[in-house]
Amino acid sequence: MEIKIGLEIHVELKTKSKMFCSCKNEYGGEPNTRICPVCLGEPGTLPSPNEEAIKKSILLCLALNSEINKVSIFTRKNYFYPDLPKGYQITQYKASIGEGGYLEIDNKKILIDRVNIEEETAKSIYTEKGEVLLDFNRCGIPLLEIVTKPFISSISEALTFLKELRKLLRYLDISECDMEKGMYRVDSNISIPPNERVELKNLNSLKAFQEALSYEIERQKEILKRGEKIKRETRLWDEFKKETRIMRIKEEELDYRYFPEPDLPPLEIDKETIEELKRKLPELPYNKKIRFIKEYSLNEKEAEILTSEKELSEFFEETLKNYYNPKEVANWILTEILAYTEPENIKEIQITPFELSVLIKNVCENELPRNIGKEILKRKVERKEDIFKMIEEEKKKIIKEEGLIEEIVKEVLEENKEAVLKYKSGKEGIIGFLIGETMKKLKGKGNPKEIRELLLKNIKDY
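Residues numbered from 1 in each chain as written. Predicted model: local features only at pLDDT ≥ 70, side-chain atom pairs only at ≥ 80, totals over all residues. Heavy atoms only, no water.

Visitor: Provide a residue-level description of the pattern of salt bridges, including the pertinent values.
Guide: One pass over the structure, following the stated rule, counts 55 salt bridges. Arg-291 is the partner of Glu-295 in a salt bridge, and the nearest nitrogen-oxygen pair spans 3.1 Å. Note that Glu-295 and Arg-291 are positioned in helix α5 (residues 285–296) at a spacing of four residues, about one turn of the helix. Classification of Arg-291 as partly exposed rests on a relative accessible area of 23%. What emerges from the salt-bridge pattern is a single network uniting Lys-14, Arg-166, Arg-170, Asp-173, Glu-176, Glu-309 and Glu-344. (Salt bridge = Lys/Arg side-chain N within 4 Å of Asp/Glu carboxyl O. Helix = DSSP H or I, 4+ residues; strand = E, 2+ residues; numbered from the N terminus. Buried < 20%, exposed > 50% of the residue type's maximum accessible area, 1.4 Å probe, protein only.)

Visitor: Give a detailed account of the sheet that holds strand β4 (residues 75–78), specifying residues and quantitative values.
Guide: What the three strands build is an open sheet, ordered β5-β4-β16; its pairing is antiparallel. The two strands at the open ends of the sheet, each matched to only one other strand, are β5 (88–91) and β16 (259–260). The sheet contact formed by β4 and β16 spans two bridges and is antiparallel. Paired with Thr-75 across the two strands is Pro-260, which belongs to β16. (Pairing = 2+ DSSP bridges.)

Visitor: So what about the environment of Val-132? Which residues, and what values?
Guide: By the secondary structure assignment, Val-132 is in strand β10 (residues 132–135). Accessibility expressed as a relative area gives 47% for Val-132, which makes it partly exposed. When the C-alpha positions of Val-132 and Pro-82 are compared, they lie 9.4 Å apart, and in sequence the two are 50 residues distant. Sequence-distant contacts of Val-132, defined by excluding residues within four places in its chain, comprise Ser-124, Ile-125 and Tyr-126. (Contact = heavy atoms within 4.5 Å.)

Visitor: Any details on unusual backbone geometry? Residues and values, ideally.
Guide: Of note, the bond from Pro-193 into Pro-194 is cis; its omega dihedral lies within 30 degrees of zero at 5°. You can see Pro-194 is positioned in the loop between β12 (184–191) and β13 (198–203). Residue Asp-173 is not a glycine yet carries a positive backbone phi of 60°. Tracing the backbone through its elements, the reader meets Asp-173 in the loop between α2 (155–171) and β12.

Visitor: I'd like to hear about the packing of aromatic side chains, residue by residue, with values.
Guide: Two numbers describe a pair of aromatic rings. These are the distance of the centres and the angle of the planes. A full pass over the atoms with the stated rule returns 10 aromatic pairs. Measuring from centroid to centroid gives 5.3 Å for Phe-292 and Phe-316, while their planes differ by 50°, and the two rings are tilted. One end of the pair, Phe-292, is in helix α5; the other, Phe-316, is in helix α7 (residues 310–322), with 24 residues separating them in the sequence. The exposure class assigned to Phe-316 is buried, which follows from its relative accessible area of 0%. Considering the side-chain rings of Tyr-296 and Phe-316, the 5.3 Å spacing of their centres and the 85° angle between planes classify their relative orientation as edge-to-face. Within this pair, whereas Tyr-296 is found in helix α5, its partner Phe-316 is found in helix α7, the two being separated by 20 residues in sequence. Site record: aromatic cluster; members linked through ring pairs are Tyr-79, Tyr-93, Tyr-256 and Tyr-258. One residue, Lys-77, lies across the ring of Tyr-256, its end atom 4.5 Å from the ring centre. Over the aromatic face of Tyr-102 sits the side chain of Lys-109, whose NZ or CZ is 4.4 Å from the ring centroid. (Phe/Tyr/Trp six-rings, centres within 6.5 Å; stacked < 30°, edge-to-face > 60°. Lys NZ or Arg CZ within 6 Å of the ring centre and 35° of its normal.)

Visitor: Run through the pairing of β4, naming residues and quoting values.
Guide: On β4, burial covers both faces: Thr-75 and Lys-77 on one face and Arg-76 and Asn-78 on the other are all buried. Summarising the sheet, β4 and β5 pair through four bridges and their orientation is antiparallel. Directly across from Thr-75, in β5, lies its bridge partner Thr-91.

Visitor: Can you explain the environment of Val-71? Please cite residues and give values.
Guide: Along the chain, Val-71 turns up in strand β3 (residues 71–72). On the basis of relative accessible area, Val-71 is assigned to the partly exposed category, the value being 41%. Between the C-alpha atom of Val-71 and that of Glu-176, which follows or precedes it by 105 residues, the distance is 28 Å. Excluding anything up to four places from it in sequence, Val-71 contacts Ala-95, Pro-266, Leu-267 and Glu-268.

Visitor: Requested: an account of the nonpolar core, with residues and values cited.
Guide: Membership of the largest hydrophobic core comes to 61 residues, with the highest contact counts inside it found for Leu-7 and Phe-161. Excluding residues that lie within four positions of it along the chain, Leu-7 makes contacts with Ile-146, Val-147, Thr-148, Ile-152, Ala-158, Phe-161, Leu-162, Val-186, Asp-187, Ser-188 and Phe-209. Residues Leu-312, Ile-346, Ile-351 and Ile-391 belong to the second largest nonpolar core, which totals 32 residues. (Core = buried A, V, L, I, M, F, W, Y, C linked by side-chain atoms within 4.5 Å.)

Visitor: For the state of the cysteines, give the residues involved together with the corresponding values.
Guide: All told, the structure shown has zero disulfides when counted by the stated rule. The thiol of Cys-139 is unpaired, and the distance to the nearest cysteine sulfur, on Cys-39, comes to 5.9 Å. You can call Cys-139 buried: its relative accessible area is 4%. (Disulfide = S-S within 2.5 Å.)

The structure is reproduced here in structure tokens:
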């Protein structure tokens, strides 16, 4: 059975001030302290567009391959809701800032319908007493509405798109996209053609998104099995009951009484501004992933993780500048560094790319055993110890008496004759096992490079 999914993503922009006034755009703070007559819509006030928000909107349109309208119109969308102090929202309707475009995922282009600039509503807070409180600090924050064409064909495809879009927005430094703080929110339209579509709201996490769509698709299938019609309506996801429930019968466009915002002139964007912003576009995540695979011979999963955050990809390439061994550097970052931090928090880790490169170089060139290298990394990250001092101290501890080491090497070869036979039959990788066994006997205090040489020297006699 064919499924059609369309998405409406709302993204709070990272700007210093709100969309149409000079109030601070900051998350948190005491309720109702970052407000003014303009964002509250008091009589006699006039909105003034935020230039920073407009430029960030254009950047996204360029990254999404959207057509940027040289003239776009701000529009009033009229409806009553407690979190909307004006009784209307300033948005865009017929002439959006961006139209068309696509985002490529898994070699498929997800088509964009339009990109609108609008303003955020207030935040509703529900108390244990059943009260609904309103915090107007959020009211008026710059918001982008990204609407896809309704041609997404599965939940997994929709999830991939949402993850890739979030990654793109963070690469462009447009938004923090923190779903827990409401900075990245999703509504979805679902239909089983040729039936009516249903809109889903209140999807405040990717987990909720997946559960809600799965439930709604099954609900619609059951309705059709009974020979009934699907009603066009808006439904909410109930996180506790794990079901969708009706919120309202879906409004028609006429219900919103759209008309051009009388207090704002048409937004005109000149060619020079567009060209200037084009030059500021960074390498986009999808392109960077493909480059990492080709240039550094990484597999898709490695490249996917290393490009999941702009800062993480930069950390990887900065490390390579000082020690060029892509597979080893990738392995250390993916298995060791990311054991201590999430990709998006890489800037906070207590080790620099240069320090990491020196540590990896010492391990790869057999100046330090790998297990000692891992211990040094742990002490650096957790206790902020001097990494260069630790490397030198550990190198001094390594046993350098060749006669003693050779004696232990011979013991290892005697005790592991089966491994010796495998090595002689062509399985040269077994030498790593024999180095490990020798290191155990030396309690980690041998030089792996020297041990390898002694193993190769003595193995022919067994």
